[in-house]
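# Residue-level structure breakdown
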Amino acid sequence: MAFVNGEVFAIRVDAAGPAWILQREQSAGAVPDDAGAGYSVVVRSGDTISGIAARTGLWPVTAWSVPSGNINRIWPGQTVVYRGNSTLTVSTGATGTRIHVVKSGETLSGIFGASGWQRVAQLNNLRNPNLIYPGQQLHY
C-alpha cells in the first residue's frame, strides 16, 4: 500500500516493463475493471469527468466511457470507465509535474475538459489556447 496526497493505492509491478503501477483502492475511486480493458470509477456527487481525470491522473478526458455516451452527462452512482493508454501514476500533487504530448486533432478542452483547460493554458503560458501543435508538451 502507498499513501499519496491523502489517497490509498495498491502497488503492483507491471509485467510488461520495469514500472510500478499504483492502483487506487475502491474508496479512492479508480480500480481496474473486470474485463481488464480500463479503470472503473463510481461517480460521486459533484464529480465531472475532468475532475475524475484529475483525481485519478488518467487523461485525456475523451478516453473515458460513460453510460450516456456524453462525458458531460454523468450522475452519482454511475460507473465510468477509462479506456485510454495511461496507467495511474504517482504525482507529488504539484501542478505542472505531469506532461501530456499533444496528438493531431486534440484541443485543450478535449484533453483537459471544460473546467481544466484554462488552468493548463495559464500554466503553459499559452497566448492563444486555441492554438496547440502535435508533439507539443503540455504540463498539468
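See above for the structure.
This part takes up the side chain of Q78. Here Q78 lies in the loop between β6 (64-65) and β7 (79-82). Taking the relative accessible area as the measure of exposure, Q78 reaches 17% and is therefore buried. Excluding residues that lie within four positions of it along the chain, Q78 makes contacts with V41, V42, V43, P67 and R73.

This paragraph deals with the nonpolar core. The biggest cluster of nonpolar side chains holds 25 residues, and the ones touching the most others in it are I49, I52, W64, V80, L108, F112 and L138. Elements that contribute at least two residues to this core include exactly β5 (39-42), α1 (49-56), β7, α2 (108-112) and α3 (117-123). The contact partners of F112, leaving out residues within four places of it in the chain, are S50, W59, V61, H100, W117, V120, L138 and Y140.

Next up on the list: α1. Most of α1 sits inside the fold, with 6 of its 8 residues counted as buried. For α1, the full list of buried residues reads I49, S50, I52, A53, R55 and T56. Just downstream of α1 lies G57, where phi reads positive at about 80°.

Another point: the pattern of salt bridges. If the charged atoms of two oppositely charged side chains come close together, the side chains can form a pair. Within this structure, the stated rule accounts for 1 salt bridge. Note that D47 and R55 form a salt bridge whose closest N and O atoms lie 2.8 Å from each other. Looking at D47, the relative accessible area reads 16%, which means it is buried.

Turning to the packing of aromatic side chains, a few remarks are in order. The geometry of an aromatic ring pair is captured by the separation of the ring centres together with the interplanar angle, meaning the angle of the planes. A full pass over the atoms with the stated rule returns 2 aromatic pairs. The interplanar angle of 65° and the centroid separation of 5.3 Å between the aromatic rings of W64 and Y82 together place this pair among those described as edge-to-face. Of the two residues, W64 sits in strand β6 while Y82 sits in strand β7, which places them 18 residues apart along the sequence. Of the two residues examined, W64 and Y82, each falls in the buried class.

Thresholds applied
Residues numbered from 1 in each chain as written. Predicted model: local features only at pLDDT ≥ 70, side-chain atom pairs only at ≥ 80, totals over all residues. Heavy atoms only, no water. Helix = DSSP H or I, 4+ residues; strand = E, 2+ residues; numbered from the N terminus. Buried < 20%, exposed > 50% of the residue type's maximum accessible area, 1.4 Å probe, protein only. Contact = heavy atoms within 4.5 Å. Core = buried A, V, L, I, M, F, W, Y, C linked by side-chain atoms within 4.5 Å. Salt bridge = Lys/Arg side-chain N within 4 Å of Asp/Glu carboxyl O. Phe/Tyr/Trp six-rings, centres within 6.5 Å; stacked < 30°, edge-to-face > 60°.

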